[in-house]
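# Observations on the model geometry
Residue-level listing of the chains:
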Amino acid sequence: MSDLAILLIFPAMMAFAAASDLFTMTISNRVSFVLIGGFFALALISGMAWATIGMHVAAGVLVLVIGFACFACGWIGGGDAKLAASTALWLGWSQLLEYALYSSLLGGLLTLGLLSLRGAPFHPPLLMREGWYARITDAKTGIPYGIALAAAGLILYPSSFWMTGALH
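Residues numbered from 1 in each chain as written. Predicted model: local features only at pLDDT ≥ 70, side-chain atom pairs only at ≥ 80, totals over all residues. Heavy atoms only, no water.

### Examining helix H3 (residues 50-72)
To be explicit about the condition: Numbered from the N terminus, helices here are DSSP runs of H or I no shorter than four residues, and strands are runs of E no shorter than two. Take the number of residues in a helix, subtract one, and multiply by 1.5 Å to get its expected span. Accessible area is worked out with a 1.4 Å probe on protein chains only. A residue is then buried under 20% of its type maximum, exposed over 50%, and partly exposed in between. In what follows, a contact means two residues having at least one pair of non-hydrogen atoms within 4.5 Å.
Given a rise of 1.5 Å per residue, 23 residues ought to cover 33 Å, and the 32 Å separating the end C-alpha atoms of H3 matches this to within 8%. Among the residues of H3, Ile-53, His-56, Ala-59, Gly-60, Val-63 and Gly-67 are the ones counted as buried. Those residues of H3 that are buried lie in contact with helix H2 (29-46), helix H4 (78-91), helix H5 (96-118) and helix H9 (161-164). Gly-74 sits one or two residues past H3 and shows a positive phi near 80°.

Listed below in structure tokens is the structure:
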């Protein structure tokens, strides 16, 4: 049963967060709650050492502090900060630098792609009737950075200790 949870919880929440940010420009607090609860449940079920759990919590807290500083400056949304911290909790210190790098690169590509889309001379009228497309092509709208954060997490998850069998 824990193997099934390892295969489903993190990837499903990352996919949901990315889709939610794309279509609504919000990431529900429930995503972070499920990720945090899932991490602790699986850590305890798998027999993860308390010291290791503490190190994962420290990684998540560090990213949360940095994320909320960025939120306070208006650089990212609050949902993005919570998603990044929840992802750092799952990945831990060993993948934190890679997560920051992938998130930055994918976020830059996403930003360039959206700026290009927003600057396009023509948008199909059928798509413009869709609220999410109209919102994402509006120059006044921010960047749904949760897409990049989730994608970075999904890229790294297969090489995480959860998937490599380090806990089994």
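Read on, since the account is not over.
### A look at the packing of helix H1 (residues 2-24) against H4
Formally: Fitted lines through C-alpha atoms serve as axes, helices being fitted only where they are in contact, and the angles separating the N-to-C directions of these axes extend from 0 to 180 degrees. Here the angle decides the label: under 35 degrees means roughly parallel, over 145 means roughly antiparallel, 65 to 115 means roughly perpendicular, and every other value means oblique. In this scheme the crossing of two helices becomes right-handed for a clockwise turn of the near helix relative to the far one and left-handed for an anticlockwise turn of less than a right angle. Under the grouping applied here, Gly and all other residues not named as nonpolar or charged are polar, the nonpolar ones being Ala, Val, Leu, Ile, Met, Phe, Trp, Tyr, Cys and Pro and the charged ones Asp, Glu, Lys and Arg.
Two elements in contact, H1 and H4, have axes separated by 12 Å at closest approach and are oriented at 165°. With respect to each other, H1 and H4 are oriented roughly antiparallel. Taken as a pair, H1 and H4 cross one another with a handedness that is left-handed. For the pair H1 and H4, the contacting residues are Ile-9, Phe-10, Met-14, Ala-17 and Asp-21 in the first and Asp-80, Leu-83, Thr-87 and Trp-90 in the second. Among the residues forming the contact of H1 with H4, the class breakdown is 6 nonpolar, 1 polar and 2 charged.

### Focus on the side chain of Ser-86
Along the chain, Ser-86 turns up in helix H4. In contact with Ser-86, not counting residues within four places along its chain, are Ser-32, Leu-35 and Ile-36.

### A few points about the environment of Gly-67
Within the secondary structure, Gly-67 is located in helix H3. Taking the relative accessible area as the measure of exposure, Gly-67 reaches 7% and is therefore buried. Taking C-alpha positions, Gly-67 is 20 Å from Ile-155, a pair spaced 88 residues apart along the chain. Not counting residues up to four positions away in its chain, the partners in contact with Gly-67 are Ile-76 and Ala-81.

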